[in-house]
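Structure assessment
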Amino acid sequence: MRRLLLLLGLLLLQQACCFEFVIDGEWEEDVSDMRDHRERHKRAILTSEEEEDFEAVRGEDITVKSYKVESRITSRFAHTTVRSSVVNSGSKAQSIGFNVQIPKRAFITNFTMNVNGIIFVGSVKEKTVARNLYAQARARGKAAGIVRANSQDMETFKTEVHVPPGSNIEFELHYQEMMHRRLGFYEHSLFLQPGRLVPQFQVDVYIFEPKGISMVETPNSLGEQFVQNIKVTSTKEKAHIVFKPNLQQQRKCDNCTGSAIDGIFTVRYDVTRDGNAGELQVSDGHFVQFFAPSNLSPLPKNIVFVIDVSGSMWGVKMKQTVEAMQAILEDLTIDDHFSIIDFNHNVRCWNEELVAGSSIQIADAKRYVQDIKPNGGTNINEALLRAVQMLVKASNQGLIDPRSVSMIILVSDGDPTVGEIKLGTIQKNVKRVMREEFSLFSLGIGFDVDYDFLERIAMENRGMAQRIYANHDAAEQLRAFYSQVSSPLLRMIQVQFPEDSVSDITQNRFDKYFSGSELVVAGKVKPSESNTLTSFTTARAARMDVTFETEGDFTELDTELAKQQHSFTGFARQMWAYITVKQLISERALAPTAVKKRKITQRIMALAVEHQFVTPLTALLVESEDTNERLLADSPRDPKHGCCSGAGFGGGSSSTLNPVNVVYQAPPWVQMTTNAPPSQAVKGSEEYALPPTVNLVDNDPHFIVHLPSSNMDVCFNIDSAPGHILNLVTDTGTGLVVNGQLVGSKQAHKGKLSTYFGTISVYYQPDGVSLTVGTDSISMTDGQRNHSFTWGTTAKISQDGVRISIVKNSHVSIMINNNIHVMVLLHRVWTKNPVSVDFLGVYIPNDNQYSPLVHGMIGQFSREPEVSVHDMHEGMDPLKKEATMEVKGNTLLVTRGWQKDYRRDKRLGSSIYCWFIHNSGKGFIDGHYTDYIVPHLNSFLQAH
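Presented here is an overview of the structure given in this document.

Criteria and thresholds
Residues numbered from 1 in each chain as written. Predicted model: local features only at pLDDT ≥ 70, side-chain atom pairs only at ≥ 80, totals over all residues. Heavy atoms only, no water. Helix = DSSP H or I, 4+ residues; strand = E, 2+ residues; numbered from the N terminus. Contact = heavy atoms within 4.5 Å. Areas by Shrake-Rupley, 256 points an atom, 1.4 Å probe, with all protein chains shown as cover. Pairing = 2+ DSSP bridges. Buried < 20%, exposed > 50% of the residue type's maximum accessible area, 1.4 Å probe, protein only. Disulfide = S-S within 2.5 Å. Axes fitted to C-alpha atoms, helices over the stretch in contact; angles between N-to-C directions. Parallel < 35°, antiparallel > 145°, perpendicular 65-115°, else oblique. Nonpolar A, V, L, I, M, F, W, Y, C, P; charged D, E, K, R; others polar. Core = buried A, V, L, I, M, F, W, Y, C linked by side-chain atoms within 4.5 Å. Salt bridge = Lys/Arg side-chain N within 4 Å of Asp/Glu carboxyl O.

**Section: the overall build of the protein**
Counting its secondary structure elements, the protein contains 13 helices and 54 strands. Contacts in the protein between residues far apart in sequence, at least 24 positions, make up 70% of those at least 6 positions apart. By element, 49% of the accessible surface of the protein is carried by carbon and sulfur atoms, the whole surface being about 38,000 Å².

**Points about the sheet that holds strand β12 (residues 181-182)**
Pairing is antiparallel in the open sheet, where four strands are placed in the order β12-β13-β18-β15. Looking along the sheet, the strands with just one partner apiece sit at the ends: β12 and β15 (213-217). Here β15 pairs with strand β18 (residues 263-271) via four bridges, running antiparallel. Across the sheet, the residue bridging to Val216 is Tyr269, located in β18.

**A closer look at the pairing of strand β49 (residues 839-845)**
Among the seven residues that make up β49, seven are buried, leaving the element largely enclosed by the rest of the structure. Covered by surrounding structure in β49 are Phe839, Gly841, Tyr843 and Pro845 together with Leu840, Val842 and Ile844, the residues of both alternating faces. One ladder, built from four bridges, connects strand β36 (residues 694-698) with β49; its direction is antiparallel. From the neighbouring strand, Val697 faces β49, where its bridge partner is Val842. Of the pairings in the sheet, the one linking strand β48 (residues 820-827) to β49 comprises five bridges and is antiparallel in character.

**Description of the state of the cysteines**
According to the stated counting rule, one finds two disulfides in the structure shown. Disulfide pairing places Cys253 opposite Cys256 at an S-S distance of 1.8 Å. Negative torsions about the S-S bond denote left-handed disulfides, and the value of about 90 degrees found for Cys253 with Cys256 makes this one right-handed. According to the relative accessible area criterion, Cys253 is partly exposed, its value standing at 34%. With a sulfur-sulfur separation of 1.8 Å, Cys715 is cross-linked through a disulfide to Cys914. Handedness of the Cys715-Cys914 disulfide follows from its S-S torsion of about -125 degrees: it is left-handed. Placement of the pair is Cys715 in strand β38 (residues 712-717) and Cys914 in strand β53 (residues 910-917), with a sequence separation of 199 residues.

**Section: the packing of helix α4 (residues 316-331) against helix α5 (residues 359-370)**
In contact at an axis separation of 10 Å, α4 and α5 are set at 175 degrees when each is read in the N-to-C sense. Taken as axis vectors, α4 and α5 run roughly antiparallel relative to one another. Contacts between α4 and α5 pair Val322, Met325, Gln326, Leu329 and Glu330 from the former with Ile362, Ala365, Lys366, Val369 and Gln370 from the latter. Each residue belonging to the contact of α4 with α5 can be placed in one class, and the counts come to six nonpolar, two polar and two charged.

**Notes on the nonpolar core**
Ranked by internal contacts, the top residues of the largest apolar core, which has 86 residues, are Phe287 and Leu490. Residues contacting Leu490, with those up to four places away along its chain left out, are Phe291, Pro293, Leu296, Leu299, Asp511, Lys512, Tyr513, Ala539, Arg540, Ala541 and Val546. Core analysis: the next-biggest nonpolar cluster, separate from the first, contains 54 residues, Ile102, Phe157, Val205 and Tyr269 among them.

**Considering the pattern of salt bridges**
Taken as a whole and assessed by the stated rule, the structure comprises 36 salt bridges. Of the charged contacts in the structure, one is a salt bridge between Lys393 and Glu353, with a shortest N-O distance of 3.1 Å. With Lys393 in helix α6 (residues 380-396) and Glu353 in the loop between β23 (347-349) and β24 (355-356), the pair connects residues that are 40 residues apart, well separated along the chain. When salt bridges with common partners are traced through the structure, they connect Arg76, Arg181, Glu209, Asp270, Arg273, Glu279 and Glu518 into a single cluster.

Spelled out as structure tokens, the structure:
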């Protein structure tokens, strides 16, 4: 834990204020790779002891009048303020401490104090500037500040003020952080340890998510005693969580004087997502793209578990590691490949090669792990190199699916003691042999391990590190970490934007995306005549490539934020700076040269000062209003401290912040969508645009068959029952089936129950690909893997010879082998409509290149029949003429009328004049319409 500490001594002499300070510690300087192991271990022990008696406000005889915490979370970015008002109730001068534990990923942005009317206001400055100002004040005996640090991440802010009796002190600390999504939710944690009863104790968490909040909960982390004291109120977009126990409710028991509030107050929530394309928010000249797709089939995994079995792992550490490995191995599937390497001073392999996750192999691996007996030294270098060699060999032999995810998971509790022991050399060795498609995840158990090294080596190899606390439930922590990486959904993700639309974007290339996590890209928006920003996200999924398109309005969100009382209006600007600084700190830790490191340092300092972040390179200068009194606090300057991975759990790119090309260059089969309104053009790619005349089925259901040679359109209705599946196209020659399932209206109208197509299925047998389009979602399967998309998504999907284009809330286009095209149009009705339901229309071009075997209600007309119409005369309806049609050897009475083509205008449609065939198309279609009823959505029509 890295602690930020201010010590201030205050004496009042003859109505005048002067400050005396004691320096407790010194500025941390750069240190070598090899730090003293015993000193690090000693610091860790001291830290653990200090944590046990942590108090938010510390003093012998004091009155804490209030302790209030407020967090405002807007679009996953949190601004937290901690305030406390304290009185020295004793008869003597004493030191009063104000301590706040903050999440290690947070940046302190300000700290103010009011000491008997003297107000100290904080500002973030470059560390050298702050030090100079501090030194000037110290030379006059006016101020001093210190930093004490150890090997963990900064988590505790400490201030001590020495004041005379009767003094009033008000403390106020601000910090900001981005919420990271893990296992399907965001978690906001507040450390509440007042150490005493507080008359005014209150916690408020305000959440505002523009797209809506899908769930919010407060786990029982403070104990059963406080369950009834936590109140949650929420609407579609907002939530307010209040924790406000009175004095009696705070007591450990009815007659106790101690506070029972001692722990972490946790709020978990997730947001509503329209679809897999993500969410693009534009505010205050900045944008934030959130990408968290779901309902995609996981990619296969290739995992080498590298487990430290040295003597230091003996006892509880090894027991809990074995327990976790038993559960992790059980989670593997037959599509996954794995092996286990355990190491001490020697390196052993359970199996020299990757093997499939069959039940037999998993059972054998579990027995192997169970029999491990820790002893000896630690040879991390050889173990990691052996793991990489195992993945390389499997890849070279073609045993690894090109779309699979290959990873090494290292579990260790100590520094290397055998073989190569220089951490920098080990890092270089691993980097040299690792391939771009491999990732390394590091888990450090306890405090003996050099966590900075584990973090650097993981970050450099597209992974991340996590500390496992040995004095907690280590097995559960290991399992939880594995759960986060056990379900990779996408690889090679790239978020792009049209040329000259954005600048200064954060990392936009990610090696992988794991289920339940989230990728975030932020940047600045360039001035534009357009009122909309568009992003394009490309990725590789199991057996298919996808491109998602997302739009964000320039003014909509700012208008909404202005109406919200408790929102954080500057969230987009601060989030962009937060992500950028975090990524730069990570890049600085891996900088190959001193020159590059200096350039990165300058960028960090400039951004941190502009956005008021306390980082390892900046300091918080706290001054009285007249600047006569100064305090100084900063975060340590640690060249090895990799604060965080810019990619989060999405997996980093090989180079974190190299210049990126933000111009969208679509795959060759994708065209950018048009911006023309529906009345002017069909929104979609030009390649997917249908010809002016097509065969179609729409409404309840009306069939329109276009006969090109006769330049004639023929219409007929089908009066079938809800639930029936009608075959539209069967082509056993190409292996194509298009079927539609009927759904009934909510109730009969004028004694008749109308039917519509509620589901359309397109099945392409050679690739085993089936696309099922419903009014709620679009699902795709290849027999082994299932992917699902909502109508809130705009996306392009490519798998083998099948290409699919989804246009948000509009239509789906399916292209097979570039010569067969089907479009499905979505019709939404008023939700409270007492009769109608949502339904689908199907549009199929005449020029589809079927085989000679094609049939089906529409497919049969690819062989255009000879049609003649004669004897046209007035009908019973003067507006509709009647005639005689000769077709397929049948003589039919037909009526002139019109039906609707809804491609250009889904509300009113375009009229198509046609000859209407009565009796469900009898005489025009082959056989009877009941001959086209099939049992399943993917069923071929059987020959009669």
